[in-house]
Amino acid sequence: MTKVTAQMSVSLDGCYTGPRDTEHPKDMSRWMRGPEAPGFFRVTRWAVDAMAWRERQGFAGGERSIDSEIVEETFAAAGAYVMGRRMFDAGEVPWGEEPPFRAPVFVVTHRPREVLERRGGTSFTFVTEGPERAVELARAAAGAKDVAVAGGGELLRQVLAAGLLDQLDLHIAPVLLGDGQRLFDAGLGLGADDGIELVPARVVDTPGVTHLRYTVTGRAKLVLDDRGASGDLVGPGRPQQ
């Protein structure tokens, strides 16, 4: 069964890049020289060093490791991708004529554009009807494989808040950025008594990163629990002392 999945590398304090460039937020030609890039490259270092990632990008070298196996697993599972327009704008030139996706990519955007065909099986379709429509199209294109939300963080939050995400993989780098764009913030639209529940499914710890996998079970109301104050821990399965 097709799942909607997402991968994101974050710092220990929850940032996936450094701070947004407030002077030129939409000029992606400046991105490499702006405040976002240093944090982004630090939290994704584990992937850039992996042999599977480098091979997919057409580069030599890299480490054959558990991290590399996880990168390989991630690419193999995806039959289609969904990404934000800002991520596409930043990657269009560096990805070149043969991007690493090798599958249909649906770009959520407010700016229409003709379908962009690339070598190796990658195509970029620009969807102006929102994330829900992009996920719907990606599901139809993925076949028996998964739909991968490639990023960035704003799109991932939208997909999560809409209840469309089935699986979340976080890759936590052992670094504190102090400031930056946080993956989980008020953009999730949760009230004071709301939460999005997840179930841990896998933990893989390597020297440079901790890989966490969660199954997303969805929104739930948060319940006030004063057992710590009352001392009353009696409940189902807890006999009265």
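See above for the structure.
Presented here is an overview of the structure given in this document. (Residues numbered from 1 in each chain as written. Predicted model: local features only at pLDDT ≥ 70, side-chain atom pairs only at ≥ 80, totals over all residues. Heavy atoms only, no water.)

1. A few points about the overall build of the protein chain
Logical step 1: Summing up its helical and strand segments, the protein chain has eight helices and eleven strands in all.
Logical step 2: For 241 residues, the compact-globule formula gives about 18 Å, and the C-alpha radius of gyration of the protein chain, at 20 Å, lands near that figure.
Logical step 3: The principal-axis extents of the C-alpha atoms in the protein chain amount to approximately 70 × 40 × 40 Å.
Logical step 4: The buried share of the protein chain, taken over its 241 residues, is 41%.
Logical step 5: Sequence-distant contacts in the protein chain: of pairs separated by 6 or more residues, those separated by 24 or more amount to 62%.
Logical step 6: When the accessible surface of the protein chain is summed, it comes to about 13400 Å², and 54% of that surface belongs to carbon and sulfur atoms. (Helix = DSSP H or I, 4+ residues; strand = E, 2+ residues; numbered from the N terminus. Rg over C-alpha atoms; globule rule 2.2 N^0.38 Å. Buried < 20%, exposed > 50% of the residue type's maximum accessible area, 1.4 Å probe, protein only. Contact = heavy atoms within 4.5 Å. Areas by Shrake-Rupley, 256 points an atom, 1.4 Å probe, with all protein chains shown as cover.)

2. Re the sheet that holds strand E6 (residues 123-127)
Logical step 1: Taking strand neighbours across the sheet as the criterion, the nine strands line up as E5-E6-E4-E3-E7-E1-E8-E11-E10 in an open arrangement whose pairing is mixed. On the outer flanks of this sheet lie strand E5 (116-117) and strand E10 (194-206), each paired with one strand and no other.
Logical step 2: Pairing between strand E1 (residues 4-11) and strand E7 (residues 146-151): three bridges, direction parallel. Across the sheet, alanine 6 pairs through a bridge with valine 149, a residue of E7. (Pairing = 2+ DSSP bridges.)

3. As for the pattern of salt bridges
Logical step 1: In the structure shown here, the tally under the stated rule is 15 salt bridges.
Logical step 2: In this structure, arginine 113 and glutamate 92 form a salt bridge, with 2.8 Å as the shortest nitrogen-oxygen distance. Taken together, the positions of arginine 113 in the loop between strand E4 (104-108) and E5 and glutamate 92 in helix H5 (residues 85-95) put the pair 21 residues apart, joining distant regions of the chain.
Logical step 3: Classification of arginine 113 by relative accessible area gives partly exposed; the value is 33%.
Logical step 4: Put simply, arginine 133 and glutamate 136 hold a salt bridge, and the shortest N to O gap is 3.2 Å. Of the two residues, arginine 133 and glutamate 136 are both situated in helix H6 (residues 131-142); the distance of three residues between them amounts to about one turn of the helix.
Logical step 5: When salt bridges with common partners are traced through the structure, they connect Glu73, Asp169, Arg202 and Arg213 into a single cluster. (Salt bridge = Lys/Arg side-chain N within 4 Å of Asp/Glu carboxyl O.)

4. Some details on H5
Logical step 1: Residues Arg85, Phe88, Gly91 and Trp95 constitute the buried set of H5. Buried positions in H5, seen along its axis, are confined to an arc of 125 degrees and lie on one side of it. Of the exposed residues in H5, those oriented more than 90 degrees away from the buried face are Val93 and Pro94.
Logical step 2: Those residues of H5 hidden inside the fold are in contact with strand E3 (78-84), E4, E5 and E6.
Logical step 3: Of the residues one or two after H5, glycine 96 is the one with positive phi, at around 70 degrees. (Arc of directions from axis to C-beta.)

5. Section: the environment of alanine 78
Logical step 1: With respect to the helices, strands and loops of the structure, alanine 78 is situated in strand E3.
Logical step 2: A residue is classified by how much of its surface remains accessible, and alanine 78, at 8% relative accessible area, is buried.
Logical step 3: Here the alpha-carbon distance between alanine 78 and valine 147, two residues 69 residues apart in the chain, equals 5.8 Å.
Logical step 4: If we skip the residues at most four places from it in the chain, alanine 78 touches Lys145, Asp146 and Ala148.

6. Structural notes on the nonpolar core
Logical step 1: Counting 27 residues, the largest nonpolar core has Val4, Met8, Val82, Val149, Leu165, Leu168 and Leu183 as the members making the most contacts within it.
Logical step 2: Contributions of two or more residues to this core are made by E1, E3, E4, H6, E7, helix H7 (153-161) and strand E8 (167-173).
Logical step 3: For leucine 183, the contacting residues outside a window of four places in its chain are Met8, Val10, Gly14, Tyr16, Gly153, Leu156, Arg157 and Leu170.
Logical step 4: Met83, Phe124, Phe126 and Ala148 belong to the second-largest nonpolar core, a separate cluster that totals 20 residues. (Core = buried A, V, L, I, M, F, W, Y, C linked by side-chain atoms within 4.5 Å.)

7. Things to note about the pairing of strand E11 (residues 209-221)
Logical step 1: Of the strand pairs in this sheet, E8 and E11 are connected by six bridges, and their pairing is antiparallel. Each residue of the ladder has a partner; that of leucine 170, found in E11, is leucine 212.
Logical step 2: Taking the residues between adjacent antiparallel strands as the criterion, E10 and E11 are bridged by two residues.

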